[in-house]
Amino acid sequence: MNTTHRHSGTRRSRWALAPLAVLATALLTGCQQAQQGLSIGDMSSAFNREIAWMSIWAVALSIIIFLGVSFALFYTVQKFREDKHDAPPAQFHGNNKLEVWLVAVPVVIVIFLSVLTVRSMAILNPTPDQATKIDVLAKQFWWNFEYPTIKADAGGNVANGNEMLMPTKQPVALTVTSGDVIHGFWAPNIGGQRAAMPAVKKTWQVDTDRAGVYQGNCSQLCGASHANMRYKVVALEQARYDATLAAMKAYRAPEPAAGSPEALGYQLFMQGKPETKAASCAGCHRIQGTPAAGVVGPDLSFFGTRRTLGAGMWEGEKAREMLIPWLKHAPHVKPGALMPTYDGSEYRANGKLQKGGVLTDEEINALAAYLRSLKLPEEADYWRDVPVIGASGNGGTQ
Ligand code: HEC
Ligand SMILES: [Cu+2]
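Residues numbered from 1 in each chain as written. Chains lettered and ligands numbered in written order. Predicted model: local features only at pLDDT ≥ 70, side-chain atom pairs only at ≥ 80, totals over all residues.

(A) The arrangement of the site of ligand 1 in detail. Lining the immediate surroundings of ligand 1 are 29 residues, of which Phe141, Cys281, Cys284, Gly297 and Met339 lie closest. Considering only residue class, the shell around ligand 1 consists of 20 nonpolar, seven polar and two charged. When residues of the shell around ligand 1 are assigned to domains, at least three fall in each of domain 2 (39-251 + 386-398) and domain 3 (261-375). (Near = placed C-beta within 6 Å. Nonpolar A, V, L, I, M, F, W, Y, C, P; charged D, E, K, R; others polar. Domains from an automatic or database assignment.)

(B) The confidence of the model for the protein chain, seen in detail. Averaged over all residues, the pLDDT of the protein chain is 88; the fraction at 70 or higher stands at 89%. In the model, residues 393-398 has pLDDT below 50 throughout and makes 10 contacts with residues more than four positions away in sequence or in other chains. (pLDDT = per-residue confidence, 0-100. Contact = placed C-beta atoms within 7 Å.)

(C) Main features of the sheet that holds strand β6 (residues 183-186). Taken together, five strands build an open sheet; the order of strands is β4-β10-β9-β6-β7 and the sheet is mixed. At either end of the open sheet lies a strand with only one pairing partner, and these are β4 (163-167) and β7 (193-196). When the angles between neighbouring strand axes are averaged without regard to direction, this sheet yields 25°. (Pairing = 2+ DSSP bridges. Helix = DSSP H or I, 4+ residues; strand = E, 2+ residues; numbered from the N terminus. Axes fitted to C-alpha atoms, helices over the stretch in contact; angles between N-to-C directions.)

(D) Expanded view of the sheet that holds strand β5 (residues 172-178). Strand order in the open sheet formed by five strands is β3-β2-β1-β5-β8, and the pairing between neighbours is mixed. Two strands in the sheet have a free side with no partner beyond their single neighbour: β3 (157-161) and β8 (202-206). Within this sheet the neighbouring strands show an average axis-to-axis angle of 25°, counted without direction. As defined by bridge partners, β5 adjoins β8 across five bridges and the pair is classed as antiparallel.

(E) Just helix α3 (residues 96-124), in detail. Under the 1.5 Å per step criterion, the end-to-end length of α3 is 42 Å for 29 residues, consistent within 8% with the ideal 42 Å. Buried residues are scarce in α3, accounting for one of its 29 residues. (Expected span 1.5 Å × (residues − 1). Buried ≥ 20, exposed ≤ 12 C-beta atoms within 10 Å, placed from the backbone.)

(F) Quick look at the packing of helix α2 (residues 46-79) against α3. The N-to-C vectors of α2 and α3 enclose an angle of 175°; their axes lie 10 Å apart at closest approach. Here α2 is positioned roughly antiparallel relative to α3, judged by the angle of their axes. Contacts from Phe47, Glu50, Ile51, Met54, Trp57, Ala58, Leu61 and Ile65 in α2 reach Ile109, Phe112, Leu113, Leu116, Ser120, Ile123 and Leu124 in α3. Taken together, the residues of the contact of α2 with α3 break down into 13 nonpolar, one polar and one charged. (Parallel < 35°, antiparallel > 145°, perpendicular 65-115°, else oblique.)

(G) Local environment of the packing of helix α5 (residues 261-271) against helix α7 (residues 361-372). Contact pair α5 / α7: the axes reach a minimum separation of 7 Å and the direction vectors enclose 95°. Between α5 and α7, the angle is such that the two are roughly perpendicular. For the pair α5 and α7, contact is made by Pro261, Glu262, Leu264, Gly265, Tyr266, Leu268 and Phe269 and by Glu363, Asn365, Ala366, Leu367, Ala369 and Tyr370, respectively.

(H) Representation of α5. Residues of α5 that are buried: Glu262, Gly265, Tyr266, Leu268 and Phe269. Here the buried face of α5 lies against α7. Phi for glycine 272, located one or two positions after α5, is positive at around 65°.

(I) Here's a closer look at the environment of alanine 292. Within the secondary structure, alanine 292 is located in the loop between α5 and β11 (308-309). On a C-alpha basis, the gap between alanine 292 and phenylalanine 269 in space is 8.2 Å, while along the polypeptide they are 23 residues apart. Setting aside residues up to four positions removed in sequence, alanine 292 forms contacts with Phe269, Met270, Ala282, His285, Arg286 and Ile287.

(J) Fine view of the pairing of β5. Covered by surrounding structure in β5 are Val172, Leu174, Val176 and Ser178 only, the residues Ala173, Thr175 and Thr177 on the alternate face being uncovered. For strand β1 (residues 132-139) and β5, the ladder comprises seven bridges, and the chain directions are parallel. The partner of leucine 137 across the bridge, within β5, is threonine 177.

In structure tokens, the structure reads:
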């Protein structure tokens, strides 16, 4: 019996190491990927400052309770040691005074903590009428950010996929919802976290004092590419924000010159290629100022200005490099991505095996050229000169 015991002991300790190994691997690979950090302690956000003050009170109270309970424990153990007393100590059952205290003190503590919480909620929850409004749509595995009060000259509301623009130094009212399963909006530098639920719209506010590019992630396990469901929040000073949104409002996708690769890209985007069963991109994507008005995938109106691809899966140079593989077979480079393949390969969408249509390399290149031409004017490039907050090699988070 003893041997079995020892045996299961070693086995258990070996299993106990497994999570550690996983954690170590995660940390090591995390370091290699140079990803932008998240900070729940970013004091540039009034939201976070409010939470921090509340936490200081709550933590101080916990420390007092901890010291009080420890003192009572040590005192009792010391005072009523068995070797000093032969008979059992006096019992306090029926001691009304003591029992009243034991109920009253925790009730006061709980009331104090609830007042703190409710006070913070009251400060953070109202969304003033003049707040900038952004509708956030979460879907497997990407985000769309729509500006419901900004009507584009070319029709529809201004919207951007996977990169959210907001002004600094004022509350921004986000209305979050989901088009399929439950997701979580979480960009901790600018405020709290909210579940994005299908058929439910929740509004709350976020803010930051500091212009910068911030990282956002999906915080609710939602499927194969949950960890690749990322986004950027670009906070701009008010004047620059206004100018950028004005440029977005006035934007019309450029018309490609006849005979150029972009013109071929445009035509394939709008019509697909029925002969080889290549679905039209316009059925799923919107490009402001063109007939493309699809809402099954992210808005691509300003794709040429964006610096991320695959909902923040790749950034910068890597995002540029991955565009061709993405267009050929998105679900092979991003697990579970609900965009068809265009190299004729098989992929699984919502559990069903499918086969994509076929485009030639020249056609894929033409599509890439067209997408890259979808650019805001130079002065409205919202990435230019905006510090990336929490990038590795940039002094860490904050
Ligand atoms: C059946 C709908 C559908 C069709 C058709 C489709 N897409 Fe997509 N596309 C999506 C979805 C969904 C995503 C988001 C995938 C993800 O990130 O998980 C996406 C993402 C993208 C992205 C990446 C956007 C970003 O910022 O991450 C690009 C670029 C793109 N599609 C271009 C195209 C082009 C070009 C075509 C036509 C050749 C096309 N799509 C056809 C659904 C579609
Ligand atoms: Cu998600």
